[in-house]
Amino acid sequence: MKSITNAAEKNIPKLKQRKKSFDPPWWNKEIEALKKDMVRKKKRISYAAPRRRECVITAYLEAKKIYEEEIERAQKEGWKKLCTKQEGESLWDRIYKIIRKAEGIREDTTLIEKGISLNSEESVQLLAQKFFPPDNCEMDDDIHQKMRKTVEEMTSSLQGSSADEVPITMAELISTARSFNPRKAPGGRWTHCGYLLRSYHGEPGGSPGHLQ
């Protein structure tokens, strides 16, 4: 038996473990073709003639630019599709599902602005400027001016009152209830928000008065 085992190990090739591949949701055949074209043009640089080397490098850089632009476009479209496609689960449920499928966690990388690589502190400052721009009244349009005026009137009317004294409106309750997953029941009464909303609107399956 031992001789058979030794002969088998010597002559029968062993199967290699295949690495699990994970393609992001936005990956498509067009991007795959652009990647192959970019890699092919990159390989040409190593054996290109000296007089044609500059042209080959230029062709590779153009292919790389097209490939990266297509990836960026596909990522944006995929993110928009993810945000608009809700099937009984919240946005964060889908995000966590994607994270669980992804292999490993990539380290945070610093940003690049106008071709200059930023350090971690400069990257944070750039993100803050992009997502939290300064509040400039001169840049407000008609809608923002009206909203600013409304908020200022509400703030002035609530001056001197604590947060506990401000009444909660029915619109705030309904808006909060709609923000939850309609199939989950937060709290200790095990009543999901979809049931509460149906109760408020007097629809079948609910008992009127729960939100009153």
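As the structure is a prediction and not an experimental result, all values here were calculated from the model.

Scanning the protein chain from terminus to terminus reveals 8 helices and 2 strands. The order of α-helices and β-strands along the protein chain, N terminus first, is α-α-α-α-β-β-α-α-α-α. Looking at the protein chain residue by residue over its 212 residues, the buried ones come to 14%. Taking all contacts inside the protein chain whose residues are at least 6 apart in sequence as the whole, residues at least 24 apart take part in 31%. Summed over all atoms, the accessible surface of the protein chain reaches about 19,000 Å², with 55% contributed by carbon and sulfur.

Here we come to the pattern of salt bridges. Summed over all chains, the structure comprises 5 salt bridges. One salt bridge in this structure joins Lys41 and Asp37, with 3.4 Å as the shortest N-O distance. Here Asp37 and Lys41 lie together in helix α2 (residues 29-46), a separation of 4 residues that amounts to about one turn. For Lys41, a relative accessible area of 21% translates into the label partly exposed.

With that settled, consider the nonpolar core. Counting residues in hydrophobic clusters, the biggest one holds 10 residues: Ile31, Met38, Ile45, Ala48, Val56, Tyr60, Ala63, Tyr67, Ile71 and Ala74. Examining the composition of this core, we find that 6 residues originate from one element, helix α3 (residues 53-84), more than from any other. Residues contacting Met38, with those up to four places away along its chain left out, are Tyr60, Ala63, Lys64 and Tyr67.

Another point: unusual backbone geometry. Phi angles above zero are rare outside glycine, and Lys114 is one such case at about 55 degrees. Turning to its location among the elements, Lys114 is positioned in the loop between β1 (112-113) and β2 (116-117).

The subject of this paragraph is the confidence of the model for the protein chain. Model confidence for the protein chain is summarised by a mean pLDDT of 76, while 75% of its residues fall at 70 or above. Here helix α4 (residues 91-101) stands out as the least confident element of the protein chain, with mean pLDDT 71; α2 is the most confident, with 90. Predicted confidence for residues 206-212 stays below pLDDT 50, and this span has 15 contacts to residues more than four positions away or in other chains.

Okay, the packing of aromatic side chains next. In the structure shown here, the tally under the stated rule is 1 aromatic pair. Ring centres 5.9 Å apart and planes at 50 degrees place the aromatic pair Trp26 and Trp27 in the tilted group. Using a relative accessible area of 22% as the deciding quantity, one classes Trp26 as partly exposed.

Another aspect to go through is the side chain of Ser123. Its place among the elements puts Ser123 in helix α5 (residues 120-131). According to the relative accessible area criterion, Ser123 is buried, its value standing at 6%. A polar contact of 2.8 Å, which involves the side chain of Ser123, links it to the backbone oxygen of Asn119. In this view, Ser123 contacts Thr110, Leu111 and Leu118; residues no more than four positions away in its chain are not counted.

Describing two packed helices takes the angle between their axes plus the distance from one axis to the other. At a minimum axis distance of 9 Å, the contact between α2 and α3 shows a crossing angle of 160 degrees. Between α2 and α3, the angle is such that the two are roughly antiparallel. Every pair of crossing elements has a handedness; the one defined by α2 and α3 is left-handed. On the side of α2, the interface is formed by Glu30, Ile31, Leu34, Lys35, Asp37, Met38, Lys41, Lys42, Arg44 and Ile45, while α3 contributes Arg53, Val56, Ile57, Ala59, Tyr60, Ala63, Lys64, Ile66, Tyr67, Glu70, Ile71 and Ala74. Here the contact of α2 with α3 is built from residues that sort into 13 nonpolar, no polar and 9 charged.

What follows deals with the environment of Leu173. In this structure, Leu173 sits in helix α7 (residues 170-179). Given a relative accessible area of 37%, Leu173 falls into the partly exposed group. For the pair Leu173 and Leu197, spaced 24 residues apart in sequence, the C-alpha separation works out to 9.9 Å.

Definitions and cut-offs
Residues numbered from 1 in each chain as written. Predicted model: local features only at pLDDT ≥ 70, side-chain atom pairs only at ≥ 80, totals over all residues. Heavy atoms only, no water. Helix = DSSP H or I, 4+ residues; strand = E, 2+ residues; numbered from the N terminus. Buried < 20%, exposed > 50% of the residue type's maximum accessible area, 1.4 Å probe, protein only. Contact = heavy atoms within 4.5 Å. Areas by Shrake-Rupley, 256 points an atom, 1.4 Å probe, with all protein chains shown as cover. Salt bridge = Lys/Arg side-chain N within 4 Å of Asp/Glu carboxyl O. Core = buried A, V, L, I, M, F, W, Y, C linked by side-chain atoms within 4.5 Å. pLDDT = per-residue confidence, 0-100. Phe/Tyr/Trp six-rings, centres within 6.5 Å; stacked < 30°, edge-to-face > 60°. Polar contact = N/O pair within 3.5 Å; in protein donor to acceptor, adjacent residues only side chain to side chain. Axes fitted to C-alpha atoms, helices over the stretch in contact; angles between N-to-C directions. Parallel < 35°, antiparallel > 145°, perpendicular 65-115°, else oblique. Left-handed = near helix turned anticlockwise from the far one by under 90°. Nonpolar A, V, L, I, M, F, W, Y, C, P; charged D, E, K, R; others polar.

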